[in-house]
Structures are given as structure tokens and as C-alpha cells.
2 protein chains.
Amino acid sequence: MVVAMIGIGHIGGSLAIALRENGFAGEVIGVDRQPETLNKALRRRLIDRTLPLDEAVAAADLVVLATPVDGMLELLPKVLDRVEQQVVMDVGSTKEQLLRVVKDHPRRARFVATHPMAGRENSGVEAAVADLFTGKFTVLCDVEASDADAVSVVERLYGSIPMQIVYLDGRAHDLHTAYVSHISHISSFALALTVLAKETDEDRIFELASSGFDSTVRLAKSSPDMWVPIFRQNRDFVLDVLDEHINTLALFRSYLIKSNFDGIRELIEKANRIRTVLRGAPQNTAESQKPL
Amino acid sequence: MVVAMIGIGHIGGSLAIALRENGFAGEVIGVDRQPETLNKALRRRLIDRTLPLDEAVAAADLVVLATPVDGMLELLPKVLDRVEQQVVMDVGSTKEQLLRVVKDHPRRARFVATHPMAGRENSGVEAAVADLFTGKFTVLCDVEASDADAVSVVERLYGSIPMQIVYLDGRAHDLHTAYVSHISHISSFALALTVLAKETDEDRIFELASSGFDSTVRLAKSSPDMWVPIFRQNRDFVLDVLDEHINTLALFRSYLIKSNFDGIRELIEKANRIRTVLRGAPQNTAESQKPL
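The model shown is predicted, which means the values in this text are computed figures rather than measured ones. (Residues numbered from 1 in each chain as written. Chains lettered and ligands numbered in written order. Predicted model: local features only at pLDDT ≥ 70, side-chain atom pairs only at ≥ 80, totals over all residues.)

Trainee: Would you take a moment to explain the overall build of chain A for this structure?
Mentor: A tally of regular secondary structure across chain A gives 13 helices and eight strands. Projected onto its principal axes, the C-alpha positions of chain A cover 65 × 40 × 35 Å. Among the 292 residues that make up chain A, the fraction classed as buried is 58%. (Helix = DSSP H or I, 4+ residues; strand = E, 2+ residues; numbered from the N terminus. Buried ≥ 20, exposed ≤ 12 C-beta atoms within 10 Å, placed from the backbone.)

See the structure below:
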């Protein structure tokens, strides 16, 4: 199968490697606005060749959109205008607006909306890695609006990696990702800003970071080019969960002010339940233990 | 050198393995309130033998306190009462109160206050690992109040792992750890609570967690037995940085409400500076990129 990858960044590049390595893609045609990105992708053999967008769409069996989500709102209708029997899919982090934009497009049924739930804080073609998606979950949205053969191609693609598939409608996707993914990024950006504001000694931050700070601010390294469009498209759900998050922090604050450490213990015990939800090792309650 | 390890949890157990493996400790005597912990530590060969506290102190060249920080306030004076030429050190996460408690103790100079900046969210003897500390930073506090030979023993101990040593006074230590370590834990606990409150579908949390949530809530698995005493002892500095954190999140909220996405871009760009402070790879600005 010939795959046209539109946008050769961390996600598009990683997907290109995975699909070439496992044989799902016989050929990957790369498309990107940045010539330097295409050169790097060719040198690293992430893609087999490059073509202008129109020619890539015409030559492909499957077109994958892997640009930031603001660009997709213009790109997807343009690609669908040029599609006959090709399958088109996206791998973006927001869905509701994108689905609305192509709702009445005559080729809508050739499109399958997807969101592979993986990624690291690094961005760009240099950050592409072969095993980014292995064993993770991917979301397919509103599949009833897509042709059965198109959905089947996309399911085989994710099965080849392999990723586990979850089916959601676009609105539910955006709500759940606001709650589980997008708020984590805001929390991390804010934590980095807080520490940069309060801790004027940068050497101290570096020295003390291994005590937990490094993992909570990992996401704060993420690029505004991708995250501003996500927050714009998912503003309402993100605001909803952000309000709840600020209220929870205010509760910690109020307990600290009152030196209500029993209250703080209760909050921590409730938070610990995340361990079982994430299906990690059971919480250990040995008394002789030392914090992070 | 004979080392008495008081408290065989994640930190005490990990330190015991490291010091036995690198030869710094010829023998490790384990002390713990929980007989089951001592049995596990013996079976895993983290320690060579066990003794009651008094006998362990008498038999040791170096006594290491690795219990939660509330227990240390009582334990350290009791241990110093029994010390002649032995060296005593702690590995706790807060320092100011502990240093105050032994300020006028006749054997104060045999004590060296330390805080190795490493740890994972898992707790207890089962979570002990040999390489926990390798290459990380450790803090030594108020060394001018300790005998030079005692400081030298502790410096050789950390050098044997090896860890890099930073010297701070107790108050500065507590301030910096509040800013870099303790706030990360509150942020993570609060994020876990927020998502557990808003996202009623636990399967969804599990499925979508690899999109960043898992790394920001890792610390939310941490035990209240260790963290409540830390927040109690470092309440004022923690409140100070928590106020700033809530204000930063309120700024994100206000920009979202006003749809001021240029403002959000500025915040993210500022937050990205954490990448250079943590001395990771330089931020990549390729346009074709995809979020976490």
C-alpha cells in the first residue's frame, strides 16, 4: 500500500517508520511545508520520496494527515476535494471541529478520524521513533460516517503496529482528552512557570529536579505550535476541567492554611486510587518508607 | 565500615544495596519497626543482619536514619544519646525542624544532615533498587555544625555511589525543595483527584493515559505516610509556592475565557524555557509536528 504522509513531525515521522518496518506501507510519500524537514526525513529514510500535495494524494492509496490541528481544518477539505477511492485519515488531538468542517463534504465517507494516544514532549522530524505507538491505544471517531472499506484499512493499519482501538464519537473524544490529556499539559506548563518564577536559582532547579519535578514538567517542554491550536479547538472542555483542578488545589491550600493534615491525608489517599485505575503495581503500605 | 540502616524502605533499602555492592559498607545492620520488612530485607539480601536499635547503634560506625520525617524528630535525639564516636546521618526530605530539634544536643557534631534527591513513586522495601541514586544530586545541610571527620565519612559515602554533593543551610534546603519537589507532588495529587472527579469512566483514563497524563500523575501514587509529615514540616514554603501555582493556573483560565490565545502562546513559550534549565535537548521548532 502506498501511504502519503502529510506532515513529517514527531507523530507523522514515527508512524512512517512503523508502517514501513512492519510492511503495512510498501511506499511512504512525504509531504511537508518545510523543505528542510523533507530532506531530513529522506536522509533518515523515514520516507521513500517526496511529492507536492496534489500529486502525493493522487499517487497514494492512503493519505495520513499529521499536521497541527489548526492546519487540518483547511487541509482536510482540500485533500478530500482531490480524492477518488483513496482513504484519508488524520491523527490529530481534537476531533469535533474537524468533523464539523467536512460533515457535508461529498467525499466525507472516504475520511476516517483517528487519534493515536502516544507522543513525547519532543517535536519535529528529529524526534521520530519506530516504537512510539506500540501497544498503546488509538481512538477512531464517528466511524459510522465513513465507508466500511475505509474504516477497515485504518483498522488494519493500527492492527499492524499493533495498537488497541477504542471507538468514540467526536464530542466524547474531545471531552475525554480534555480530562485526561489536555489538562495534564496545562498543569505541567503552569508548574514550570511557577517554579521558574519562584526559584530564581536555575542551578538549584537542575540539581533538585530528580525529586519528582522532572516528571511533572516533562510535558512543559511541548511546543506551542501544536498546543495553542488544541486549546483553541477544545477550549470549553479544557476550561471545565481546569476549573475543577483549580478548586482541588484551593482545597489543598485551605487545608494547609488550617494545618488540617488529616484532610491532606484523605486527599492523598483518594489520589492514590489513580494507581489502580492506571493498573500499576498495588500500593504498598509498609511503614518504613521514604519519599521521592 | 559497619552501617546501621534505620528504616528499610525504598530509600533505606536502595542505599543499603548500593553501599554493599560498591564496598563502602562491609556490613549493613537493618533496623525497622516492622518485622515483616526486616524479613523481606534479609531474604532479598539488602541487609546482612538485624539488631534492636540500641545494639545496632552500638555496633555501627555509621548510623543512617531513613524513616519518614515525623519519626526522625524523635528518633535522631534518641540515637545521638547513644552515640560516642559513630557518625549519624539522615536522608530525610525536610531539614529545618530536624536541625532545630538537635541544635543543643551534646553529640550534635556527630550528626550530618543530608537529602539524596532521588526516589520513585513506589514505596517500601519491595521498591528498593541498586541504581536509584547513581549520578543524582544530594544535599548536605549545615555542615559547619558537624565534626569534620563525620562530614568526611558522609562525603565519601555519597562519592562511592557516586552522587554529586550540594551544600545548603537547612532553611535554604527546605525552601528550594518546596519550590522544586514538594509542589510537584501537590500538583500531581491534585491532578489525579481532578481527573478522578471529572472522568467517571475509569477505562477511558487507562486508555488515554499515555497521552501525557501518566507522567504528570506518576507522583500521585506516592504514600501519605511520607508526604503528610513533609507537608507538615514544610508548610510555610509549600503554601508560598502553592499560591503562586494557583495564580498561574488562574492566568491560563482567564486567557482561555477571553480566548486570548496569543497570551496562552506566550505562557507556553515561557514554560518551554524549563527545557534549557533542565539541560535537555534544545527545543525544536519544525512546523510539521504533532502533540503528545
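Trainee: Would you explain the sheet that holds strand 5 (residues 87–90) of chain B in this entry?
Mentor: Across a sheet, strands are paired by hydrogen bonds formed along the backbone, either parallel or antiparallel in direction. All names here are of chain B. Reading across the sheet, the eight strands line up as 3-2-1-4-5-6-7-8 and stay open at both edges, with mixed pairing between neighbours. Both outer strands of the open sheet, strand 3 (49–50) and strand 8 (164–168), are each paired with one neighbouring strand and no more. Two strands pair when backbone bridges link them, and strand 1 (residues 2–6) and strand 2 (residues 27–31) are joined in this way by five bridges, in the parallel orientation. Its bridge partner being in strand 2, Ala4 is matched across the sheet by Ile29. Strand contacts of helix 4 (residues 69–81): strand 1, strand 4 (62–65), strand 5 and strand 6 (111–116), with the helix running at about 170 degrees to strand 4, the strand carrying the most contacts. (Pairing = 2+ DSSP bridges. Contact = placed C-beta atoms within 7 Å. Axes fitted to C-alpha atoms, helices over the stretch in contact; angles between N-to-C directions.)

Trainee: What am I meant to see in unusual backbone geometry here?
Mentor: If a residue is not glycine, its phi is most likely negative; likewise, a peptide bond is most likely trans. Residues and elements named next belong to chain A. With an omega dihedral of -10 degrees, the bond running from Ile161 to Pro162 counts as a cis peptide bond. Its place among the elements puts Pro162 in the loop between helix 6 (148–160) and strand 8 (164–168). The backbone of Asp142 sits at a positive phi, close to 50 degrees, despite the residue not being glycine. Summarising the element assignment, Asp142 is placed in the loop between strand 7 (137–141) and helix 6. With 21 C-beta atoms packed within 10 Å, Asp142 lands in the buried category.

Trainee: Which parts of the structure should I look at to understand the environment of Trp227 of chain A?
Mentor: With respect to the element layout, Trp227 of chain A can be found in helix 10 (residues 224–233). Classification of Trp227 of chain A by C-beta neighbours within 10 Å gives buried; the count is 23.

Trainee: I'm lost on the packing of helix 11 (residues 235–257) of chain A against helix 11 (residues 235–257) of chain B in this one. Help?
Mentor: Helix-helix packing is described using two parameters, namely the angle between the two axes and the distance between the axes. Where helix 11 of chain A contacts helix 11 of chain B, the axes come no closer than 10 Å and their chain directions differ by 160 degrees. Compared by their axis directions, helix 11 of chain A and helix 11 of chain B come out roughly antiparallel. Crossing of helix 11 of chain A against helix 11 of chain B: the hand is left-handed. Counted together, Arg235, Val238, Leu239, Leu242, His245, Ile246, Leu249, Ala250, Phe252, Arg253, Leu256 and Ile257 of chain A of helix 11 of chain A and Arg235, Val238, Leu239, Leu242, His245, Ile246, Leu249, Ala250, Phe252, Arg253, Leu256 and Ile257 of chain B of helix 11 of chain B form the full contact between these two elements. Class assignment for the residues of the contact of helix 11 of chain A with helix 11 of chain B results in 18 nonpolar, two polar and four charged. (Parallel < 35°, antiparallel > 145°, perpendicular 65-115°, else oblique. Left-handed = near helix turned anticlockwise from the far one by under 90°. Nonpolar A, V, L, I, M, F, W, Y, C, P; charged D, E, K, R; others polar.)

Trainee: So what exactly am I meant to see when it comes to the interface of chain B and chain A here?
Mentor: Interfaces are frequently sized by the accessible area removed from exposure as the parts join. Listed by partner, the interface residues are 122 residues for chain B and 122 residues for chain A. Elements with a contribution of two residues or more to the side of chain B that touches chain A: helix 1 (10–21), helix 7 (170–198), helix 8 (202–208), helix 9 (213–216), helix 10 (224–233), helix 11, helix 12 (261–272) and helix 13 (274–277) of chain B. At 21 residues, the largest contribution of residues to the side of chain B that touches chain A is made by helix 7 of chain B. For the side of chain B that touches chain A, the per-class residue count stands at 59 nonpolar, 36 polar and 27 charged.

Trainee: Honestly, the sheet that holds strand 3 (residues 49–50) of chain A in this entry has me stumped. Any pointers?
Mentor: All names here are of chain A. Taken together, the eight strands give an open sheet; going across it, the order is 3-2-1-4-5-6-7-8, and neighbouring strands pair in mixed fashion. The outermost strands of the open sheet, each flanked by one partner alone, are strand 3 and strand 8. Pairing of strand 6 (residues 111–116) with strand 7 involves four bridges; the strand directions are antiparallel. Following the sheet pairing, Thr114 is matched in strand 7 by Leu140.

Trainee: Would you mind showing me how to read the domain arrangement of chain A here?
Mentor: Residues and elements named next belong to chain A. Assigned domains of chain A: these are domain 1 (2–168) and domain 2 (173–277). Once you take the C-alpha centre of each, domain 1 and domain 2 turn out to be 30 Å apart. Between domain 1 and domain 2, the contact holds 14 residues from the first and 15 residues from the second. For the side of domain 1 that touches domain 2, the elements supplying multiple residues, two or more each, are helix 4 (69–81), helix 5 (96–101) and strand 7. In terms of residue class, the side of domain 1 that touches domain 2 is built from five nonpolar, five polar and four charged. (Domains from an automatic or database assignment.)

Trainee: I tried to follow the packing of helix 11 of chain A against helix 7 of chain B on my own but got confused; where do I start?
Mentor: The contact between helix 11 of chain A and helix 7 of chain B brings their axes to 9 Å, and the two run at 130 degrees. As judged from the angle between their axes, helix 11 of chain A and helix 7 of chain B are oblique. Considering how the two elements wind past one another, helix 11 of chain A and helix 7 of chain B form a crossing that is right-handed. Contacts from Val241, Glu244, His245, Thr248, Leu249 and Phe252 of chain A in helix 11 of chain A reach Ile186, Ala190, Leu191, Leu193, Thr194, Ala197 and Lys198 of chain B in helix 7 of chain B. Along the lines of polarity and charge, the residues of the contact of helix 11 of chain A with helix 7 of chain B split into eight nonpolar, three polar and two charged.

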